[in-house]
Amino acid sequence: MKPALLAIVLWMTALPVLAGQYGAAPADLEDHLARLKAAYPDVIADFDLSRLVLKSGETIEVSDGRTDKSFEELLDDPDIDDMFAYDYPQGAEPEAPDVNVDPGRIRVESLFRAIYGDCRKNEVAPLMRKVAWIGGSVSITTRNGVDRALEAVARDLAKLPQSMVKYLTPSAGTYNCRPIAGTARMSMHAYGASIDLNTKYANYWRWRKPGKDGKLVWTNQMPKAIIDVFERHGFIWGGRWYHYDTMHFEYRPELLEN
Ligand SMILES: [Zn+2]
């Protein structure tokens, strides 16, 4: 084979690697699965390294065997082990994440439907309950104790200095049966398990043009004291994502140590 031709063949075989490198299971997969089961005891009955067994009798495969996903495929077609692709930096100072580091943004929809119901079949709205919130009230799902967790958040937020109130109220919403903007994937708002705080102090990756280097420009106004309270009670913060959404908190205790 001529050197030029050989170079082309080598270049072509390298393409799949360059195109995608996501999808491998984390080394500590078993720990993650144990925490997942502990986080959703009403839904997950058992697990091994190959599958989750739900109390309904349904099973969900842990791995689809793929390790060559593009980042878009990781988001659009994840398996269970992909949900743990990034460690969530609980308690860290708010700062810009590295490119595509989105801990918690990768969600297997069949699992979340099993936990919270399918809003398109009207299974989510009947499970919502109104709980006290700073300056009023919000509705949140009663599945999995999310309502009690949010009540605990509200109680702790009420102890923070008065200067924090402006970030917390009015809430920009909880339950909303909709896909994530610009995608076909359901938002955590469709499960009634997330809350957006005051839009006035929100920063969102789609609202700001990328920098000259093509990278997103992370921006945040949310104080750490508020993030700490949510994380203490099982909610992750959307400001810890490269694709940031700083008014957004969602209930994901499997990613937190509490
Ligand atoms: Zn949100």
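Definitions and cut-offs
Residues numbered from 1 in each chain as written. Predicted model: local features only at pLDDT ≥ 70, side-chain atom pairs only at ≥ 80, totals over all residues. Heavy atoms only, no water. Pairing = 2+ DSSP bridges. Helix = DSSP H or I, 4+ residues; strand = E, 2+ residues; numbered from the N terminus. Axes fitted to C-alpha atoms, helices over the stretch in contact; angles between N-to-C directions. Contact = heavy atoms within 4.5 Å. Salt bridge = Lys/Arg side-chain N within 4 Å of Asp/Glu carboxyl O. Buried < 20%, exposed > 50% of the residue type's maximum accessible area, 1.4 Å probe, protein only. Domains from an automatic or database assignment. Buried area = accessible area lost by both parts, 1.4 Å probe. Donors = N, O, S within 2.8 Å, 3.2 Å for Na, K, Ca; no water.

Q: Would you mind showing me how to read the sheet that holds strand β8 (residues 248-251) here?
A: Taking strand neighbours across the sheet as the criterion, the 3 strands line up as β6-β8-β7 in an open arrangement whose pairing is antiparallel. Across the chains shown, the open sheet's two edge strands, defined by having one partner strand only, are β6 (194-196) and β7 (235-237). Across the sheet, the axes of successive neighbouring strands diverge by a mean angle of 20°, strand direction being ignored. Sheet analysis places β7 next to β8, joined by 3 bridges and oriented antiparallel. By the bridge assignment for β8, F235 is matched with Y251. Running over the sheet, helix α5 (residues 146-157) touches β6, β7 and β8 and is turned about 65° from β7.

Q: Looking at this model, I keep getting lost on the pattern of salt bridges. Mind explaining?
A: Side-chain pairs of opposite charge can arise whenever the charged atoms involved come near each other. The final tally for this structure, using the stated rule, is 18 salt bridges. For D102, the salt bridge identified is with R105, shortest N-O distance 2.6 Å. Of the residues examined, D102 reaches a relative accessible area of 0% and is grouped as buried. A salt bridge links R129 to D147, with the nearest nitrogen and oxygen atoms 2.9 Å apart. Taken together, the residues span a long stretch of sequence, with R129 in strand β4 (residues 128-133) and D147 in helix α5 at a distance of 18 residues. The exposure class assigned to R129 is partly exposed, which follows from its relative accessible area of 30%. Residue classification places D147 among the buried residues on the basis of a relative accessible area of 5%. A network of salt bridges, in which partner residues are shared, links R107, E250, R252 and E254.

Q: Got a minute to help me understand the domain arrangement of the protein in this structure?
A: Per the domain assignment, the segments making up the protein are domain 1 (1-85) and domain 2 (90-105 + 114-258). Centre-to-centre, using C-alpha coordinates, domain 1 lies 25 Å away from domain 2. In this complex, domain 1 contributes 15 residues to the contact, which on the side of domain 2 involves 17 residues. Summed over both partners, the interface of domain 1 with domain 2 comes to about 1,400 Å²; 54% of that surface belongs to carbon and sulfur atoms. When the buried surface of domain 1 facing domain 2 is broken down by residue, R35, Y40 and L75 rank first, second and third, together holding 42% of it. Taken together, domain 1 and domain 2 are joined by 2 salt bridges.

Q: I keep staring at unusual backbone geometry and nothing clicks. Help me out?
A: Each neighbour pair has its own omega, and for T169 with P170 the value is 0°, a cis peptide bond. With respect to the element layout, P170 can be found in the loop between α6 (165-168) and β6. For N122, which is not glycine, the phi dihedral falls at a positive 55°. Here N122 lies in the loop between α4 (109-116) and β4. In this structure, N144 takes a positive phi of about 65° despite not being glycine. Tracing the backbone shows N144 in the loop between β5 (136-141) and α5. You can call N144 buried: its relative accessible area is 12%.

Q: Could you clarify how one ought to interpret helix α7 (residues 224-232) in this entry?
A: Think of an α-helix as 3.6 residues a turn; residues three or four steps apart then line up on the same face. Among the residues of α7, those classed as buried are I226, I227, V229, F230 and E231. Buried-residue contacts for α7 involve β4, α5, α6, β6, β7 and β8. The positive-phi residue at the C-terminal boundary of α7 is G234, with phi of around 100°.

Q: Quick question: what am I supposed to make of the coordination of the zinc ion here?
A: Coordination angles at a metal have ideal targets, namely 109.5 degrees for four tetrahedral donors and 90 or 180 degrees for six octahedral donors. Coordination of the zinc ion by the protein comes from H189 (NE2), D196 (OD) and H248 (ND1), over a distance range of 2.0 to 2.1 Å. Between the donor residues of the zinc ion, the gaps in sequence give the motif H-x6-D-x51-H. Of this pair, D196 sits in strand β6 while H248 is found in strand β8, placing the two residues 52 residues apart along the sequence. Since its relative accessible area comes to 8%, D196 is described here as buried. Residue classification places H248 among the buried positions, given a relative accessible area of 4%.

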